[in-house]
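Single-letter residue listing:
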Amino acid sequence: IFEKLAQTGDAKEVIQALRAVVNDQYTVANTLRDDFNSQNKVYFQYESSLDKVITARDDGPGDLSLIFAYMKMLDPGSVVREGEFANAEKAGGVSEQVRTIYNKVVDGERLSPKQRSAFRNQALDIFKPERKKYEAARARFKTLAQNAEVDVNLILRADVNPERFNMEKVPY
């Protein structure tokens, strides 16, 4: 491109060529980003649910939030609303025991510290293999971006505070 500018002195032609290159890179970046996000859609649901399990307050509404987020981890593709989860037909991958605990919390009963720990620990167990798959996908797409000479930050979303997922289980 720059050789052409030196030879012809026509900056307009060079600018058009540069725009074409930049547009091609953004097209590649957009395609890769869409593919990355699509392939990791379920992971993003797991991540969101685990954040809710970990940060649930230790009170009645926090108990509901914790159990609901845990149930979403058991059935990540579901679109069931919080108030509907107690319905057995709509809570596909959720066990009868978890639905019973959820219904008790809805009726005002609180989770014991042991139950809170058990839910949190199980959520971590569910999440960890998904996290490994996500990390492998990040590495794969980073390589694709580098090979396409596209800024990796245009493709991968920031992995904010990933150490929050490296926590140990809570004994109960």
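Residues numbered from 1 in each chain as written. Predicted model: local features only at pLDDT ≥ 70, side-chain atom pairs only at ≥ 80, totals over all residues. Heavy atoms only, no water.

## Some details on the packing of helix α4 (residues 60-74) against helix α6 (residues 113-147)
Operational definition: To obtain each axis, a line is fitted to C-alpha atoms, and for helices this fit is confined to the stretch in contact; angles are then taken between N-to-C directions over 0 to 180 degrees. Strands are runs of DSSP state E lasting at least 2 residues, helices are runs of H or I lasting at least 4, and numbering of each runs from the N terminus. Roughly parallel means an angle under 35 degrees; roughly antiparallel, over 145; roughly perpendicular, 65 to 115; everything else is oblique. Take the far helix as the reference: if the near one is turned anticlockwise from it by less than a right angle, the crossing is left-handed, and if turned clockwise, right-handed. By definition, residues are in contact when any of their heavy atoms lie within 4.5 Å. For this scheme, ten residues count as nonpolar: Ala, Val, Leu, Ile, Met, Phe, Trp, Tyr, Cys and Pro. Four count as charged, namely Asp, Glu, Lys and Arg, and the remainder, Gly too, count as polar.
Interhelical geometry of α4 versus α6 gives an angle of 30 degrees and a closest axis separation of 10 Å. With respect to α6, the element α4 is oriented roughly parallel. Regarding α4 and α6, the two cross each other, and that crossing is left-handed. Across from G62, D63, L66, I67, Y70, M73 and L74 in α4, the residues of α6 making contact are R116, F119, Q122, A123, I126 and F127. Each residue belonging to the contact of α4 with α6 can be placed in one class, and the counts come to 9 nonpolar, 2 polar and 2 charged.

## Brief notes about helix α3 (residues 41-55)
Count 3.6 residues to each turn of an α-helix, and residues three or four apart come out pointing the same way. Put simply, the rule is: A helix is expected to span 1.5 Å multiplied by its residue count minus one. When a residue's accessible area, from a 1.4 Å probe over protein chains only, is under 20% of the maximum for its type it is buried; when over 50% it is exposed; and in between it is partly exposed.
Taking 1.5 Å of rise per residue, the 15 residues of α3 would be expected to cover 21 Å, and the 22 Å separating its terminal C-alpha atoms lies within 8% of that figure. Of all the residues in α3, the buried ones are Y43, F44, Y46, E47, S49, L50 and V53.

## Concerning the side chain of N40
Mapped onto the secondary structure, N40 falls in the loop between α2 (11-39) and α3. For N40, a relative accessible area of 5% gives the class buried. Those residues within four positions of N40 in sequence are excluded, and the remaining contacts are Y134 and A137.

## Notes on the confidence of the model for the protein
Applicable threshold: The quantity known as pLDDT measures the predictor's confidence residue by residue, on a range of 0 to 100.
The share of residues in the protein with pLDDT of 70 or more is 76%, and the mean pLDDT across the chain is 81. Within the protein, helix α1 (residues 2-8) has the poorest average pLDDT of any element, 57, and α3 the best, 93.

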